Amino acid sequence: MTVATRVASRLSAMSAAPRGAVYAVLGALAGLGQSPWGFWPLTILSLAVAFAAARQETRLRGAVWVGWALGAGYFGLTLHWIVQPFLVDVARHGWMAPFALFFMATGAGAFWALAFGLAHRLAGGASLPAVVAMLAAAEMARALILTGFPWAMIGHVWIGTPIAQLSAITGPHGLTLLTLVLSAGIAAAGLRLWLVLPALVLAAGWIAFDPGPPGGAGDDRPVVRIVQPNARQDLKWQPGMAEFFYDRLLTLSSVAPEGPPPVATIWPETALQWLLEQAGPRLETASRLTGTPVVSGIQRREGRRYFNSLVVVDQDGGIVDLYDKWHLVPFGEYMPLGEVMARFGIHGLAASEGGGYTPGEGPALVRIPGLGSALALICYEGIFAEEVRAAPARPDFLLLLTNDAWFGNWAGPEQHLAQARLRAIEQGLPLVRAANTGISAMIDPQGRVLGRIPLNTDGALDLPLPPAEEPTIYTRYGDLPVGLLLVLISLAAFYRAKRD
C-alpha cells in the first residue's frame, strides 16, 4: 500500500463533513502551486492524495464529493482576490464579497465534481487514467462554457519554470495534463523505486526546455515606452481626478529617455476618463508632447451604446486605428440576457440602453506606426489562449492593456501577469503589457519578463520590443492534439474497465 493510498484509506473512514473539509484543505494546498506562491510540488502531491482517495470511493456520490470539495478548496484559495472589486466601495458593495467568493469557488468546483463523477461512471473509481482524462477535460470545458473562465488552470503552476515552454507545443491544457499524469503516477506508485523514472524525465525536461537568461533584443529594435499612472480605482472616477491623472500620464510620457528614444507610447486600459468623442484635444496634446504615436485605452459611445476600446493616434493626434473589446466580463461589463430582458420591459440591464458595454466584432489587429501590427487585448481577453490564437493574421507582437486595480494588491495582478507570460510562449510572440496600477511589463517570446513596473507605483519603462519567433506548434494546431489524446485515454480506461 502506497503512502497516498494509506492517507486515502483513513479519509474514507471519516464521515462526509470532516472528509469534505480535509479534501478542501487538500485543494487549497494544491492551489499554492499558482502565482504568487509557486509551490508546484504541493500541487502534484495534494492531487495525488486526492486521486488515491477517489480510488477508495465505491459510490458515485462519494466520488463527486471528492471532486467538489477538492475544487472548492482549490478555487477558494486561488480566486480569493475576487472579493476585491466589491471592496472598492465597501459601503455599497462590501456585503456581496463573501457571496462572490463562495459562488465562484463552488461553481468552479462543480466542474471538478463532474469530472470525478464521470470518471467513476466511465471506468469505476479505481481508474486513475479516467480521473486524469476527465479532470483535464473539465478544465478545458471551464475555459469555454458560459463564455469561459480559464483562470488558475491546473497547468498554470508551471509558469515561471522551464516546463512552461512546453505550452508552445501543447498549449495550457497540455501543461494541465502533464500535472495530472504526474499526480496519478504518485497515487499509483507512492514512493516506490520506479518513480525515479518519471522524476528523471521531469528533470530532463526542466533542463531541455530551460530558455536561459534573456538576451539583448538588438540595437536595431524599436523602443517602446510603457506608462503606468497608478490611478487607484477608488480615486480614479472622483471629481477633479481626471485632470490629475491625465497630467501624470503626460509627465511620465514626456520624461527624457536615458537611451534611444521610444517610437511609441503605451497607456493602460481606460487611461483617460473622457469618452473618445471628447478626448481628441488631450490625445493630440499627448502625441505632440511625446513626439510618438500614443496607444490608449478609452471608452467611446455610439448612440446609447458604450464600448471599452483601444485607440491608436499618430504624432499629430489623428486616429490611426481603433479596437473595441469583444470578450466582455459577464456581470462586470455587461449583464447576460440583458437584451432579452429589455423585450419584457426591463431596460436598465441592456447594453443598448447604456447598461454595460457592447462587444466589438472579434479579435483584431491594430497598426501602430513604428512598431507594426499588434493583436489588441484588453484586460480579461488576455486569459483566453484559444482566442489569442484566433487572431485574423499573425501579428508582430501582443498588446495587452489592463486595469488590474480591480484585482487587489497581490495575487490577482500576479496571476494575471503570469497568464500573459504563457500567452507569449504559446504564440512565440513578445507581449507589451500596460497596467493602470501594475504590473506593467515587457515580455519576450519565451515568457521572460524583461522589465516591469511594480504594483502601486507610477512610472515609465523604456525597452526595445523583442523580435517575434516562428509560429509555434500550438499556433498551428491549437488544442486539437491534447483533445484527441484525452479521447484516447478515456477510451482506453473504458475498455480496461469493461475487460475487468
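Preceding this paragraph is the structure being described.
So, here is what we can say about the structure in this document. From a predicted model like this one, the values you see are computed outputs, not experimental measurements.

1. Regarding the packing of aromatic side chains
Logical step 1: One pass over the structure, following the stated rule, counts 18 aromatic pairs.
Logical step 2: Relative to F75, the ring of Y74 has its centre 4.9 Å away and its plane inclined at 90°; by these criteria the two rings are edge-to-face.
Logical step 3: Residue class for F75 comes out buried when judged on its relative accessible area of 0%.
Logical step 4: Each ring, one from F149 and one from Y380, has its centre 6.4 Å from the other, and the planes form 25°; the classification is stacked. Highlighted residues: F149 in the loop between α8 (128–142) and α9 (167–170) and Y380 in the loop between β7 (372–378) and α16 (385–389), separated in sequence by 231 residues. Residue F149 shares its accessibility class with Y380, and that shared class is buried.
Logical step 5: An aromatic cluster of at least three residues, connected via ring pairs, comprises W81, F149, W151, Y380, F384 and F407.
Logical step 6: Just above the ring of W274 sits the side chain of R282; from NZ or CZ to the centre is 3.7 Å.
Logical step 7: The aromatic ring of F307 is capped on one face by R300, whose charged end is 4.4 Å from the ring centroid.

2. Description of the sheet that holds strand β1 (residues 223–228)
Remark on secondary structure: sheet strands pair via backbone hydrogen bonds, oriented parallel or antiparallel.
Logical step 1: One open sheet accounts for six strands, arranged β5-β4-β3-β2-β1-β12; its pairing is mixed. Every other strand in the sheet has two partners, leaving β5 (319–324) and β12 (459–464) as the edge strands with one partner each. Taking each pair of neighbouring strands and ignoring which way they run, the sheet shows an average axis angle of 35°.
Logical step 2: Here β1 runs beside strand β2 (residues 264–266); their pairing, made up of three bridges, is parallel.

3. Here's the deal with the environment of T437
Logical step 1: With respect to the element layout, T437 can be found in the loop between β9 (431–435) and β10 (440–443).
Logical step 2: Classification of T437 by relative accessible area gives buried; the value is 3%.
Logical step 3: Counting along the chain gives 16 residues from T437 to I453, while the straight-line C-alpha distance between them is 9.0 Å.
Logical step 4: Here T437 is in contact with Q228, N230, A231, R232, D404, A405, P454, L455, N456 and T457, once residues within four sequence places are set aside.

4. Describing the nonpolar core
Logical step 1: Judged by nonpolar contacts, the single largest core of 79 residues is most densely connected at F51, L310, I368, L399 and V432.
Logical step 2: Broken down by element, the residue count for this core peaks at ten residues, all from α8.
Logical step 3: Leaving out residues up to four positions away in the same chain, I368 has contacts with A264, V295, V312, A374, F397 and L399.
Logical step 4: In terms of nonpolar packing, the next biggest core, distinct from the first, is built from 18 residues, L252, V294, V311 and V313 among them.

5. Brief notes about the sheet that holds β10
Logical step 1: If you trace the six strands from one edge of the open sheet to the other, you get β6-β7-β8-β9-β10-β11, paired in mixed fashion. The open sheet is flanked by β6 (365–368) and β11 (449–453), the only strands paired with a single partner. Within the sheet, the average angular offset between the axes of one strand and its neighbour, ignoring direction, is 20°.
Logical step 2: Across three bridges, β9 lies against β10 in antiparallel orientation. If you follow R433 over to β10, its bridge partner there is A441.
Logical step 3: Strands in contact with helix α17 (residues 411–427) are β8 (397–402), β9, β10 and β11; relative to β9, the strand with the most contacts, it is inclined by about 160°.

Rules of the game
- Residues numbered from 1 in each chain as written.
- Predicted model: local features only at pLDDT ≥ 70, side-chain atom pairs only at ≥ 80, totals over all residues.
- Heavy atoms only, no water.
- Phe/Tyr/Trp six-rings, centres within 6.5 Å; stacked < 30°, edge-to-face > 60°.
- Buried < 20%, exposed > 50% of the residue type's maximum accessible area, 1.4 Å probe, protein only.
- Helix = DSSP H or I, 4+ residues; strand = E, 2+ residues; numbered from the N terminus.
- Lys NZ or Arg CZ within 6 Å of the ring centre and 35° of its normal.
- Pairing = 2+ DSSP bridges.
- Axes fitted to C-alpha atoms, helices over the stretch in contact; angles between N-to-C directions.
- Contact = heavy atoms within 4.5 Å.
- Core = buried A, V, L, I, M, F, W, Y, C linked by side-chain atoms within 4.5 Å.

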